[in-house]
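Residue-level listing of the chains:
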Amino acid sequence: MTHRNLLVIGATGKTGRHTAELLLQRGHHVRALVRTLDERSRELADLGAEISVGDAHDLDSLARATEGIDAAYFTYPILPGLMDATANVAQAAEENGVGAIVNMSQISARRESRSNAARQHWVAERLLDRARPAVTHLRPTFFAEWLVNMWDGTGELRLPFADARHAPIAAVDQAKVIAAVLEDPAPHAGRIYPLYGAVELNHYEIAEAMSRALGREVTYVPVELDEFDAILEKRGASPHLVQHLLAVAVDYRNGIFSGMNDLVKTIGGDDPLGVEDFVTLNRSFYDNHSA
């Protein structure tokens, strides 16, 4: 295997961390762009990553981070500022001759989306399509990590998804696809890949799988959008995130998040985790955050 110089933007995030670790294990030179030097970035440095402190909103720091880079992974949280960050990434990549970008989008990204964030992801895809580097867009369904982030310790999943379905996909499985595309971008140039986990389930079935993994009852309680709005605000979610999640909850009910394919296996080289396996791997979290 030819060892490459690869940049991971957002290297301490869910997919970024797993991607950086996987690329380092395979012997690549990994430059990790992080916003601050902290325990997470120090752990990456200990694994062999070159740490570059910067921000996707700082073009100069991106220009430094992309020097000598063959391909880059770009992910951005559900926060305002995606369009500026995307434009900066595209500009810095062009200035330094980066050959390819793997862009983390989302499955609800489309022009007509009622979610501001999802619509901005669609526009960001089109912006990157016009840039010089070859681009591959990833559109995952809901992360399996959602089942950690929304856990309140009560054993109830109070969510506004009715009985619609999706196949939760873990960040570690997305990283396998990201790493594979970074290693050999040419076959994937210009492609949009929806990414799914092992099995498509509704939330009643997800709760049953969690119950089996944890050895105690987990119950799905479907709620309406106004109650979900109150739950999110109580948890301190930003207005931008609340607007997005309320809009995509409607998308979810309408089947936008459903579907299945074998891309994690065929591109990433491994079967994705199922819900029971994911929850089992995160058992200590659930044990430490239960009422």
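Think of each chain on its own: its residues are numbered from 1, step by step along the sequence as written. At least 70 in pLDDT is required for a residue's local features to be given in this predicted model, at least 80 for side-chain atom pairs to be given and counted, and no such filter applies to totals for whole chains, interfaces and linings, which use all residues. Note that the side-chain values use all heavy atoms of the structure and ignore hydrogens as well as water.

Regarding the pattern of salt bridges
(1) Moving on: The salt bridge definition used is simple: a Lys or Arg side-chain nitrogen within 4 Å of an Asp or Glu carboxyl oxygen. The full count for this structure, using the stated rule, is 21 salt bridges.
(2) Moving on: A salt bridge links Glu 205 to Arg 165; the nearest nitrogen and oxygen atoms lie 3.1 Å apart. One end of the pair, Glu 205, is in helix α8 (residues 203-214); the other, Arg 165, is in strand β8 (residues 165-166), with 40 residues separating them in the sequence.
(3) Moving on: Through salt bridges that share partners, Glu 125, Arg 126, Asp 129 and Arg 139 make up one connected network. Under the scheme used here, helices are H or I runs from DSSP no shorter than 4 residues and strands are E runs no shorter than 2 residues, and both carry numbers assigned from the N terminus.

Observations regarding the packing of aromatic side chains
(1) Moving on: The criterion for an aromatic pair is that two Phe, Tyr or Trp rings (for Trp, the six-membered ring) have centres within 6.5 Å, with stacked assigned to planes under 30 degrees apart, edge-to-face to planes over 60 apart and tilted to the rest. One pass over the full model with this rule turns up eleven aromatic pairs.
(2) Moving on: With a centroid separation of 4.6 Å and an interplanar angle of 20°, the aromatic rings of Phe 142 and Phe 257 are classed as stacked. Of this pair, Phe 142 sits in the loop between β6 (134-140) and α6 (146-149) while Phe 257 sits in the loop between α10 (239-253) and α11 (263-266); the two residues are 115 residues apart in sequence, bridging distant segments of the chain.
(3) Moving on: Accessible area is worked out with a 1.4 Å probe on protein chains only. A residue is then buried under 20% of its type maximum, exposed over 50%, and partly exposed in between. Taking the relative accessible area as the measure of exposure, Phe 142 reaches 10% and is therefore buried.
(4) Moving on: Considering the side-chain rings of Phe 161 and Tyr 252, the 4.4 Å spacing of their centres and the 35° angle between planes classify their relative orientation as tilted. Of the two residues, Phe 161 is situated in the loop between β7 (156-159) and β8 and Tyr 252 in helix α10; the sequence distance between them amounts to 91 residues.
(5) Moving on: Judged by relative accessible area, Phe 161 falls into the buried class, the value being 1%.
(6) Moving on: Counting every residue linked through ring pairs, the aromatic cluster contains Phe 142, Trp 146, Phe 161, Phe 228, Tyr 252 and Phe 257.

Regarding the sheet that holds strand β2 (residues 29-34)
Two strands in a sheet stick together by hydrogen bonds in their backbones, pointing the same way (parallel) or opposite ways (antiparallel).
(1) Moving on: By the convention used here, strands pair only if DSSP detects at least 2 bridges between them. A sheet is described by the order of its strands in space; here seven strands give the open sequence β3-β2-β1-β4-β5-β6-β9, paired in parallel fashion. Whereas interior strands pair on both sides, the edge strands pair on one side only; in this sheet they are β3 (50-53) and β9 (192-195). Averaged over all pairs of adjacent strands, the angle between their axes in this sheet comes to 20°, without regard to strand direction.
(2) Moving on: In the sheet, strand β4 (residues 71-74) pairs with strand β5 (residues 100-104) via four bridges, with the strands oriented parallel. In the sheet register, Ala 72 faces β5, and the bridge partner there is Ile 101. Only the contacting stretch of a helix is used when fitting its axis, a line to C-alpha atoms as for every element, and angles between N-to-C directions run 0 to 180 degrees.

With respect to the packing of helix α1 (residues 14-25) against helix α2 (residues 39-47)
(1) Moving on: Their axes nearest at 10 Å, the elements α1 and α2 cross at an angle of 10°. By the angle between their directions, the pair α1 and α2 is classed as roughly parallel. As α1 packs across α2, the resulting crossing turns out to be left-handed. Taking contact as the criterion, the partners of Arg 17, Ala 20, Glu 21 and Leu 24 in α1 are, on α2, Arg 40, Glu 43, Leu 44 and Leu 47. Each angle receives one of four descriptions, namely roughly parallel if under 35 degrees, roughly antiparallel if over 145, roughly perpendicular if within 65 to 115, and oblique otherwise. Crossing handedness: left-handed means the near helix sits turned counterclockwise from the far one by under a right angle, and right-handed means the same turn made clockwise. It only takes one pair of heavy atoms within 4.5 Å for two residues to be counted as in contact.

Points about the pairing of β4
Two faces make up the sheet, and in a regular strand the side chains alternate between them.
(1) Moving on: Neither face of β4 is open: one carries Ala 71 and Tyr 73, the other Ala 72 and Phe 74, and all of them are buried.
(2) Moving on: Of the pairings in the sheet, the one linking strand β1 (residues 5-9) to β4 comprises four bridges and is parallel in character. In the sheet register, Ile 9 faces β4, and the bridge partner there is Phe 74.
(3) Moving on: Each parallel crossover has a hand, and for β4 linked through helix α4 (residues 82-95) to β5 it is right-handed. By convention, a crossover is right-handed whenever its connection, traced from the first strand over the helix to the second and viewed with the strands pointing away, goes clockwise.

Let's talk about the nonpolar core
(1) Moving on: Only buried residues count toward a nonpolar core, which is a set of Ala, Val, Leu, Ile, Met, Phe, Trp, Tyr and Cys residues joined through side-chain atoms within 4.5 Å. Residues Trp 146, Leu 157, Met 210, Phe 228 and Tyr 286 are the most contacted members of the largest nonpolar core, which totals 39 residues.
(2) Moving on: Every element with two or more residues in this core is listed here: α6, β7, α8, β11 (219-222), α9 (225-234), α10 and α12 (275-281).
(3) Moving on: Other than its neighbours up to four places away in sequence, Tyr 286 contacts Leu 147, Val 148, Trp 151, Met 210, Leu 214, Arg 216, Phe 278 and Val 279.
(4) Moving on: Residues Val 30, Tyr 193, Leu 195 and Leu 263 belong to the second largest nonpolar core, which totals 30 residues.

Take it as geometry only, folks, not as evidence of what the structure does.
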